[in-house]
Amino acid sequence: MPLALITGITGQDGSYLTELLLEKGYYVHGLVRRSSSMNRWRIDHLVQDENIYGKSLFLHYADLSDDASLRRIFSKVNPDEVYHLAGQSHVALSFEIPELTTHEIANATLKLLEICRDQAKPPKIYLAGSSEIFGHAQETIQTEETQSNPTSPYGVCKAFCVEMGKVYRSGYGMHVSNGILYNHESPRRGENFVTQKIVRGAASIAQENTEFLELGNLDIERDWGYAPDYVFGMWMMLQQEKGSDYILATGKTHKLSDFLQLSFEYFGLDHQKHIRINPKFVRPNEPIHLCGDSSKAQNILGWKPSVCFERMVEEMCRAAEKSNQL
């Protein structure tokens, strides 16, 4: 049975990836911080299953800044595959805490690469990149060869990780794959992301708990996909003979206003009656249009998105509606 180690296992992608790997017969080890002890709702159903936890799923307390604890875990677990998903994941917040963002994304990734390099048999490594590395992109549709042009501390850090992954792949012959993932959503999306803020806000207004929702720029366009599709792509990358860089995207963009309209229509609401624009939610230097070309992933991995934009929004709204009724 193959053995995988996941950083960021309690996040949206980490939880879906854990389910996928368990279904495929993996032993799955996840790193969790002490501060995450009360925020494991995405994997609670797995931890509480006595047939899974302690048998095929194991959690380890660790912090990416703690070299000693990480090395002990790697020595104990000896993983075949490492999926590095952890780190400060909010673009807007990176402007407020750029130093911490750099520490949690760039420095932590470099540390992890070094630890993997020191293993007797270095594992295959997946690094979580982001479409934010392209920022104000020079091309309307971005490919793996598009020049990075990040516009946020988050994007700069992710660009560093992608380039460093290339260095360890070419310089040390390690199996490192960079997943340059475009926006991907699901009911497990964190509440601090605008998509979840919208669907939960609409659900709250429908229940007459609130009347208005404050948002920033509604004209931004993003390439939105479905998170479970994207974690399947992560796994496919590490099943290849050699590591490489892959964009995972739908190739279609929608404005945030489209997401907003669909969400409010689900609840029978006119969003124009309940939305207020607040400049404080407009992030500095925000990319307006990001759209990815996933031809390489489709041709080499056989990957393709399976859930359309409208169905994804509907699923998120249904989950928010159910949550509000509890």
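One structure accompanies this document, and this report is about it. (Residues numbered from 1 in each chain as written. Predicted model: local features only at pLDDT ≥ 70, side-chain atom pairs only at ≥ 80, totals over all residues. Heavy atoms only, no water.)

**So, the layout of surface pockets**
Move 1: Space inside the second largest pocket adds up to approximately 180 Å³.
Move 2: Surrounding the second largest pocket, Trp224, Thr250, Lys252, His254, Pro305, Ser306, Val307, Cys308, Phe309 and Glu310 form its lining.
Move 3: Here the residues of the lining of the second largest pocket are counted per class, giving five nonpolar, three polar and two charged. (1 Å grid on protein atoms, 1.4 Å probe; cavity = no way out; pocket = protein on both sides within 12 Å on 5 of 7 lines; lining within 4 Å. Points joined across faces, edges and corners; volume = space filled by probe spheres on them. Nonpolar A, V, L, I, M, F, W, Y, C, P; charged D, E, K, R; others polar.)

**So, the environment of Met164**
Move 1: Within the secondary structure layout, Met164 lies in helix α6 (residues 153-172).
Move 2: For Met164, the contacting residues outside a window of four places in its chain are Leu110 and Leu113. (Helix = DSSP H or I, 4+ residues; strand = E, 2+ residues; numbered from the N terminus. Contact = heavy atoms within 4.5 Å.)

**As for the packing of helix α3 (residues 67-77) against helix α5 (residues 98-117)**
Two quantities define a packed helix pair, namely the angle between the axes and the distance from one axis to the other.
Move 1: Two numbers describe how α3 lies on α5: the axes approach to 11 Å, and their chain directions differ by 40 degrees. Compared by their axis directions, α3 and α5 come out oblique. Taken as a pair, α3 and α5 cross one another with a handedness that is right-handed. Contacts between α3 and α5 involve Asp67, Leu70, Arg71 and Phe74 from the first element and Lys111, Leu112, Glu114, Ile115 and Cys116 from the second. (Axes fitted to C-alpha atoms, helices over the stretch in contact; angles between N-to-C directions. Parallel < 35°, antiparallel > 145°, perpendicular 65-115°, else oblique. Left-handed = near helix turned anticlockwise from the far one by under 90°.)

**A few points about the state of the cysteines**
Move 1: Applying the stated criterion across every chain, the model contains zero disulfides.
Move 2: Here Cys116 stays unpaired: no disulfide links it, and the sulfur of Cys161, its closest cysteine neighbor, is 13 Å away.
Move 3: Residue class for Cys116 comes out buried when judged on its relative accessible area of 0%. (Disulfide = S-S within 2.5 Å. Buried < 20%, exposed > 50% of the residue type's maximum accessible area, 1.4 Å probe, protein only.)

**What to know about α6**
Move 1: Compared with the 28 Å implied by 1.5 Å per residue over 20 residues, the 28 Å span of α6 between its first and last C-alpha is a close match.
Move 2: Three or more residues of α6 are buried, namely Pro153, Tyr154, Gly155, Cys157, Lys158, Ala159, Cys161, Val162, Met164, Gly165 and Tyr168.
Move 3: The elements touched by buried residues of α6 are α4 (91-96), α5, β5 (124-128) and β6 (176-181). (Expected span 1.5 Å × (residues − 1).)

**Section: unusual backbone geometry**
Move 1: Of note, Glu208 is a non-glycine position whose phi angle comes to about 60 degrees, a positive value.
Move 2: Considering the arrangement of structural elements, one finds Glu208 in the loop between α7 (194-206) and β8 (213-215).
Move 3: Owing to a relative accessible area of 71%, Glu208 belongs among the exposed residues under this scheme.

**A word on the packing of α7 against helix α9 (residues 256-266)**
Move 1: Contact geometry of α7 with α9 gives a least axis separation of 9 Å together with a crossing angle of 30 degrees. As summarised for this structure, α7 and α9 are arranged roughly parallel, according to the angle between their axes. The way α7 lies across α9 gives a crossing that is right-handed. Side by side, α7 and α9 meet where Val194, Thr195, Ile198, Val199, Ala202 and Ile205 of the first sit next to Leu256, Phe259, Leu260, Ser263 and Phe264 of the second.
Move 2: A per-class count over the contact of α7 with α9 returns nine nonpolar, two polar and no charged.

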